[in-house]
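Summary of structural features
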Amino acid sequence: MMSITIYHNPACGTSRNTLAMIRNAGIEPTVIEYLKTPPDRATLVDLIARTGQPVRALLRDKGSPYDDLGLADPKWSDAQLIDFMLEHPILINRPLVVTPLGVALCRPSEKVLDLLTAAQRGAFSKEDGEAVVDAEGCRVKP
């Protein structure tokens, strides 16, 4: 069985859809509600590095506290942005999924399918009704 961890926010539809697709593959992941149990600095730095993305790509830039802190300003270094993410975990974009195939920010949620070796066990539609996987477990092309 594939070991998967999802850094999850149950209030986020994208995060809920991602978790549901993992479960639709017959996998019960380790679920870390990162707002309740934020990663420590070393873990966050490692996760970001393993995505291959810049720090800003994992920074949630919607609303507060992003706007209140002026984080759009390019003056902030990566280390400072990580400090803000640790101080305000809501700034960590989600969901982050860790599998043996890699680490990715799963936005859109179907990006998780690239990290799973187990096939989907049936049809899957997102909460908004968008079909992602057909009845045979194959990805639906947009």
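This text gives an overview of the structure that appears in the document. (Residues numbered from 1 in each chain as written. Predicted model: local features only at pLDDT ≥ 70, side-chain atom pairs only at ≥ 80, totals over all residues. Heavy atoms only, no water.)

**Some thoughts on the packing of helix α2 (residues 41-51) against helix α4 (residues 78-87)**
For the pair α2 and α4, the least separation of the axes is 11 Å and the interaxial angle reads 120°. As summarised for this structure, α2 and α4 are arranged oblique, according to the angle between their axes. At the point where α2 passes α4, the crossing takes the right-handed sense. For the pair α2 and α4, the contacting residues are Arg 41, Leu 44, Val 45 and Ile 48 in the first and Ala 79, Ile 82, Asp 83, Met 85 and Leu 86 in the second. (Axes fitted to C-alpha atoms, helices over the stretch in contact; angles between N-to-C directions. Helix = DSSP H or I, 4+ residues; strand = E, 2+ residues; numbered from the N terminus. Parallel < 35°, antiparallel > 145°, perpendicular 65-115°, else oblique. Left-handed = near helix turned anticlockwise from the far one by under 90°. Contact = heavy atoms within 4.5 Å.)

**Considerations on the pairing of strand β2 (residues 30-33)**
Note that strand β1 (residues 5-8) and β2 share four bridges and pair parallel. Directly across from Ile 6, in β2, lies its bridge partner Val 31. A crossover connection joins β1 to the parallel β2 through helix α1 (residues 13-24); in handedness this β-α-β unit is right-handed. (Pairing = 2+ DSSP bridges. Right-handed = clockwise from strand over helix to strand, strands pointing away.)

**Overview of the sheet that holds β2**
Taking strand neighbours across the sheet as the criterion, the four strands line up as β2-β1-β3-β4 in an open arrangement whose pairing is mixed. One side of each edge strand has no neighbouring strand; the edge strands of this open sheet are β2 and β4 (102-105). Within this sheet the neighbouring strands show an average axis-to-axis angle of 15°, counted without direction. Seen against the sheet, α2 touches β1, β3 (96-99) and β4 and runs at an angle of roughly 80° to β3.

**Things to note about α2**
Every buried residue of α2 is accounted for by Leu 44, Leu 47, Ile 48 and Thr 51. The buried residues of α2 all sit within an arc of 95° when viewed along its axis, so they share a single face. Turned more than 90 degrees off the buried face of α2, the exposed positions are Ala 42 and Ala 49. On the buried face of α2, the contacting elements are β1, α4, β3 and β4. Two residues or fewer after α2 comes Gly 52, characterised by a positive phi angle close to 75°. (Buried < 20%, exposed > 50% of the residue type's maximum accessible area, 1.4 Å probe, protein only. Arc of directions from axis to C-beta.)

**Some remarks on the pattern of salt bridges**
Counting across every chain of the model gives eight salt bridges. Across the pair Arg 50 and Asp 46 runs a salt bridge whose closest N-O atoms are separated by 3.4 Å. Of this pair, Arg 50 and Asp 46 are both found in helix α2, four residues apart, which corresponds to roughly one turn of the helix. Given a relative accessible area of 36%, Asp 46 falls into the partly exposed group. (Salt bridge = Lys/Arg side-chain N within 4 Å of Asp/Glu carboxyl O.)

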